[in-house]
Amino acid sequence: MYTSFQSLMDDVAACEKCGLSKTRTHTVFGEGNIHAPVMFVGEGPGRDEDELGRPFVGRAGQLLDKMLASIQLTRNDVYIANVIKCRPPGNRDPEPDEAAACIGYLRAQVAFIKPRIIVCLGRISAKYILGQDIRITRDRGVWHEAKGFFIMPTYHPAALLRNELLKKDAYQDLLAVRAKLRETGGLTR
Ligand code: URA
Ligand code: SF4
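The text that follows walks through the structure, step by step, so that each part is easy to find.

Quick notes on the rules
- Residues numbered from 1 in each chain as written.
- Chains lettered and ligands numbered in written order.
- Predicted model: local features only at pLDDT ≥ 70, side-chain atom pairs only at ≥ 80, totals over all residues.
- Heavy atoms only, no water.
- Helix = DSSP H or I, 4+ residues; strand = E, 2+ residues; numbered from the N terminus.
- Buried < 20%, exposed > 50% of the residue type's maximum accessible area, 1.4 Å probe, protein only.
- Contact = heavy atoms within 4.5 Å.
- Areas by Shrake-Rupley, 256 points an atom, 1.4 Å probe, with all protein chains shown as cover.
- Lys, Arg positive; Asp, Glu negative; His and termini not counted.
- Charge placed at Lys NZ, Arg CZ, Asp CG, Glu CD.
- Near = heavy atom within 4 Å.
- Nonpolar A, V, L, I, M, F, W, Y, C, P; charged D, E, K, R; others polar.
- Salt bridge = Lys/Arg side-chain N within 4 Å of Asp/Glu carboxyl O.
- Phe/Tyr/Trp six-rings, centres within 6.5 Å; stacked < 30°, edge-to-face > 60°.
- Lys NZ or Arg CZ within 6 Å of the ring centre and 35° of its normal.
- Polar contact = N/O pair within 3.5 Å; in protein donor to acceptor, adjacent residues only side chain to side chain.

Things to note about the overall build of the protein chain
Along the backbone of the protein chain there are 8 helices and 6 strands. Oriented by its inertia axes, the alpha-carbon framework of the protein chain measures out at about 40 × 40 × 30 Å. Here the protein chain holds 189 residues, and 50% of them are scored as buried. Pairs at least 24 residues apart make up 71% of the contacts formed inside the protein chain by residues separated by at least 6 positions. If you sum the accessible surface of the protein chain, you get close to 9,500 Å²; carbon and sulfur atoms cover 51% of it. Across the protein chain, the centroid of the 27 positively charged side chains sits 4 Å from that of the 22 negatively charged ones.

If you want it as structure tokens, here you go:
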């Protein structure tokens, strides 16, 4: 258990719990509003994120900003994190042992932030947050309730960059997130 958010951040910055510590440039802890009612959780840092130490700053991140804007949110209204805090070489999927080593940090972030809503960006994120293997095209947009959180898997913005046709469904999911925010009293404007 962490007594402060800062001590959690310090632990991640110094972490060597898995092999990804050897190849990373920077850890990517996450950022945003620690009082946010909603967290968006991706898979892990890519090249740009590894270089800058910040989440979703590359092309996928720019699209994530647009996705947020489409439901009148900015980065200051949400908290953005990843399942894995260090970049897997070549952007490969994280190995299960790497995810297992790292997921405690995300859980601790969630415990501090206590969002009402967690949006899983992509299959890998959903897999480790929900603890089940899903198919994103089939299972996106569905609410799961666990431990007092509303959790929804949707497309990763990188998937939307690869296939524009998915954007329509992604937007429906975002509208559902906005509606759930309103329903749970998390919308201040
Ligand atoms: N993709 C992710 O899953 N996370 C990031 O931070 C950037 C790209
Ligand atoms: Fe530690 Fe997570 Fe980085 Fe592995 S990926 S070294 S567990 S912070």
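So that's the structure; there's more coming.
Some points on the site of ligand 2
Surrounding ligand 2, one finds C15, K17, C18, L20, S21, R24, K85, C86, A101, C102 and Y105. Its residues assigned to classes, the shell around ligand 2 comprises 7 nonpolar, 1 polar and 3 charged.

Points about the pattern of salt bridges
Per the counting criterion, the structure on display carries 11 salt bridges. In this structure, R75 engages E31 in a salt bridge whose closest nitrogen and oxygen atoms are separated by 3.6 Å. Highlighted residues: R75 in the loop between α3 (59-70) and β3 (79-82) and E31 in strand β1 (residues 31-32), separated in sequence by 44 residues. One network of salt bridges, in which partners are shared, links E31, R54, D65 and R75.

Re unusual backbone geometry
What is expected of a backbone is that most residues other than glycine have negative phi and most peptide bonds are trans. At Q72, a residue that is not glycine, the phi angle is positive and equals roughly 60°. When you line up the elements, Q72 lands in the loop between α3 and β3. Positioned with a positive phi, K147 is a non-glycine residue whose angle comes to about 50°. Turning to its location among the elements, K147 is positioned in the loop between β5 (144-146) and β6 (149-154). The class of K147 is exposed, set by a relative accessible area of 77%.

Section: the packing of aromatic side chains
Inspection of the entire model under this criterion finds 4 aromatic pairs. Centroid distance F5 to F29: 5.5 Å. Interplanar angle 80°. Geometry classified as edge-to-face. Remark: F29 occurs in the loop between α1 (5-13) and β1 and F5 occurs in helix α1; sequence separation between them is 24 residues. Residue class for F5 comes out buried when judged on its relative accessible area of 14%. Given the relative accessible area of 8%, F29 is considered buried. Ring centres of W143 and F150 lie 6.3 Å apart, and the angle between their planes is 85°; on these two criteria the pair is classed as edge-to-face. Owing to a relative accessible area of 18%, F150 belongs among the buried residues under this scheme. Counting every residue linked through ring pairs, the aromatic cluster contains F5, F29, Y79 and F112. Between the NZ or CZ atom of K17 and the centre of the ring of Y105, over which it lies, the distance is 4.6 Å.

Some remarks on the site of ligand 1
In the neighbourhood of ligand 1, the contacting residues comprise G42, E43, G44, E49, P55, F56, N82 and H156. Note that an oxygen atom of ligand 1 is positioned 3.0 Å from one of the backbone N or O atoms of F56. In this structure, an oxygen atom belonging to ligand 1 sits 2.8 Å away from a side-chain N or O atom of H156. Burial of ligand 1 by the protein amounts to 92% of the accessible area it has alone, namely 240 Å². Taken together, the residues of the shell around ligand 1 break down into 2 nonpolar, 4 polar and 2 charged.

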